[in-house]
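# Results of the structural survey
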Amino acid sequence: MALKFNEKNHPYIDLGDGYRVCFYEERCPHGEEMESKARKAINEGTREEVLAAHDEFRKLIATDQAMCVPINDEWYLNVFLRASRFDPREAFDRLQSTSTAKIKNWEYFGQINDIRHVFDEELVWVLPERDDDGAVIIVVESGKKWNPAKVSLVHLNAAVTAIIGVLMLSEDAQLHGCKLIFDMEGLSMTQIVQFTPKSTGVMLHMLEKCTTIRVLGTHTVNNGMMYNMLFAIMKPLLTKVMRERTLIHGRNYGDLAKHISPRVLPKRYGGTSKAPAYEGRLLGDMMVHYNDWMQSKHDHGYKRKNGQAE
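Predicted model, so just to flag it, every value in this text is computed and none were measured. (Residues numbered from 1 in each chain as written. Predicted model: local features only at pLDDT ≥ 70, side-chain atom pairs only at ≥ 80, totals over all residues. Heavy atoms only, no water.)

## Examining the pattern of salt bridges
Note the threshold: Criterion for a salt bridge: a side-chain nitrogen of Lys or Arg within 4 Å of a carboxyl oxygen of Asp or Glu. Helix and strand labels come from DSSP, where a helix needs a run of H or I of at least four residues and a strand needs a run of E of at least two; each type is numbered from the N terminus.
Within the structure shown, the criterion is met by 24 salt bridges. One salt bridge connects Glu44 with Arg39, and the closest N-O pair in it is separated by 2.8 Å. Across the pair Asp55 and Arg58 runs a salt bridge whose closest N-O atoms are separated by 3.1 Å. Taken together, the residues span about one helical turn, with Asp55 and Arg58 both in helix α2 (residues 47-62) at a distance of 3 residues. Among the charged side chains, a network of salt bridges with common partners joins Glu35, Arg39, Glu44, Arg82 and Glu171.

Structural data, given as structure tokens:
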């Protein structure tokens with residue numbers, strides 16, 4: 001089990017037996033039929049229709065004189081259009097929301113180097129296998145495994161933001177999106193007091209409005225009475241869209257299996273995956289490789305000056 005690099009110098013974790021964790025995928029590896037279905041689901045039409053969407057998106061961007069983005073970069077435009085089901089207006093709103101978040105909540109978009117301890121602590125990790133619909137599965141350990149004295153809530157959320165950001169590299173992830181599993185095993189007041197209404201509001205807003213990869217659903221597992229206290233804080237802050245995407249399963253892994261295939265889930269979540277577990281430090285090493293690339297992408301949008309947009 002080791003960190004290796006492919007022919008284009010992108011890192012991946014080789015788990016052995018054909019399993020690996022890799023963020024960079026040029027093409028959809030699930031077959032033409034699934035790729036075609038995914039493109040249809042996000043309203044990605046013919047080449048002519050895609051170019052027309054690009055033109056409309058560019059015109060909207062031009063109306064915001066403070067916005068600084070590479071408008072002639074088709075890859076960059078596609079990232080936001082795919083995350084917005086190829087609706088140029090929605091893509092523009094997402095671009096503005098993301099750019100504003102980088103100003104108001106800049107600490108969530110810091111250097112990956114500064115948050116690698118989150119991965120070392122194995123609090124945020126990615127399943128080696130994609131779901132049956134092609135979605136990437138990200139697991140967030142928000143219960144007893146999380147020691148806020150070592151990892152702040154901001155850094156925990158920033159690690160999730162960083163993974164979703166790096167997934168922009170993958171056309172596969174752009175097409176199929178991602179799903180989040182929040183593991184609340186052993187949640188106590190030590191963790192709950194970290195979730196203020198403000199921090200929770202920021203987290204929810206970013207998941208809904210500021211991700212460059214579609215978040216298809218958030219799944220909470222191993223929750224108990226303590227989590228009900230936390231959810232009471234969160235619930236009034238959930239929009240209609242977020243309420244529809246937020247599912248709470250407790251220890252009913254059969255219910256989780258209705259939304260994420262047991263084939264890709266580890267045994268601890270009622271799954272049958274044979275992929276071996278891997279050390280968080282390997283994911284940290286892989287993420288750090290993308291530090292400079294992510295910072296270059298964070299430079300797009302509104303320019304930050306003394307914590308404010310210029």
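On we go from here.
## Looking at empty space enclosed by the protein
To keep things clear, this is the line we draw: Two kinds of site are reported from a 1 Å grid over the protein atoms alone, namely cavities, where a 1.4 Å probe fits but cannot get out, and pockets, open sets with protein on both sides within 12 Å along at least five of seven lines, and residues are called lining when an atom falls within 4 Å of a point. Grid points are joined across faces, edges and corners, and a volume is the space filled by probe spheres set on the points. Domain boundaries shown here were taken from an automatic or database domain assignment. The residue classification treats Ala, Val, Leu, Ile, Met, Phe, Trp, Tyr, Cys and Pro as nonpolar and Asp, Glu, Lys and Arg as charged. All others, Gly included, are polar.
In total, this model carries 3 cavities of 30 Å³ or more according to the counting rule given. Taken together, 37 residues make up the lining of the largest cavity; nearest its centre are Val160, Thr161, Ile164, Leu207 and Thr211. Looking at which element gives the most residues to the lining of the largest cavity, the answer is helix α6 (residues 153-166), with 7 residues. Counting contributing residues, the lining of the largest cavity receives three or more from each of domain 1 (42-107) and domain 2 (110-288). Taken as a whole, the second largest cavity spans an internal volume of roughly 60 Å³. Surrounding the second largest cavity, Tyr108, Phe109, Gly110, Gln111, Ile112, Ile115, Ala158, Thr161, Ala162, Met294 and His298 form its lining. Only α6 and α14 (291-298) provide two or more residues apiece to the lining of the second largest cavity. Per-element tally for the lining of the second largest cavity: the top contributor is α6, with 3 residues. Residue composition of the lining of the second largest cavity, by class: 7 nonpolar, 4 polar and no charged.

## Considerations on the pairing of strand β2 (residues 11-16)
Successive side chains on a regular strand alternate, one facing one side of the sheet and the next facing the other. Our working rule: For two strands to count as paired, DSSP must find a minimum of two bridges between them.
In this structure, strand β1 (residues 2-5) lies alongside β2, joined through 4 bridges in antiparallel fashion. Looking at β2, one finds that Phe5 is bridged to Pro11. From the end of β1 to the start of β2, which pair antiparallel, there are 5 residues, and Asn9 there has a positive phi angle of about 65°. Judged from the 4 bridges that link them, β2 and strand β3 (residues 19-22) form a sheet pairing that is antiparallel. Across the sheet, the residue bridging to Asp14 is Arg20, located in β3. Counted along the chain from β2 to the antiparallel partner β3, the turn is 2 residues long, and its residue Asp17 has a positive phi close to 55°.

## A word on the sheet that holds strand β5 (residues 136-141)
Sheet strands line up and pair through hydrogen bonds in the backbone, either parallel or antiparallel. The cut-off we apply is this: The angle between two axes is taken between their N-to-C directions and runs from 0 to 180 degrees, where each axis is a line fitted to C-alpha atoms and a helix contributes only its stretch in contact.
Spatially, β4-β5-β6-β7-β8 is the arrangement adopted by the 5 strands of the open sheet, whose pairing is mixed. Strand pairing shows two members of the sheet lacking a second neighbour, β4 (124-126) and β8 (246-250), which therefore form its edges. Averaged over neighbouring strand pairs, the angle between their axes works out to 20° when direction is ignored. Summarising the sheet, strand β7 (residues 215-221) and β8 pair through 4 bridges and their orientation is parallel. For Val221, the partnering residue across the bridge sits in β8 and is Gly250.

## Some details on the domain arrangement of the protein chain
For an interface, size is often stated in terms of accessible area lost upon the parts coming together. Rules: When checking whether two residues touch, look at their non-hydrogen atoms; a contact exists if any pair is within 4.5 Å. Buried surface area refers to the total accessible area, computed with a probe of radius 1.4 Å, that the two partners give up upon joining, counted for both partners together. Here a polar contact is taken to be a pair of N or O atoms separated by no more than 3.5 Å, where protein atoms must pair a possible hydrogen donor with a possible acceptor and residues adjacent in sequence count only if both atoms sit in side chains.
The domains assigned to the protein chain are domain 1 (42-107) and domain 2 (110-288). Opposite the 15 residues of domain 1 that make contact, domain 2 presents 17 residues. Carbon and sulfur atoms make up 56% of the area that domain 1 and domain 2 hide from each other, which totals about 1400 Å². On the domain 1 side of the interface with domain 2, the three residues burying the most area are Arg82, Arg94 and Glu107, jointly 34% of the side's total. Connecting domain 1 to domain 2 are 1 salt bridge. At the junction of domain 1 with domain 2, the criterion picks out 5 residue pairs in polar contact (both at pLDDT 80 or more). Counting only elements with at least two residues in the side of domain 1 that touches domain 2, the list comes to α3 (74-83) and α4 (88-104).

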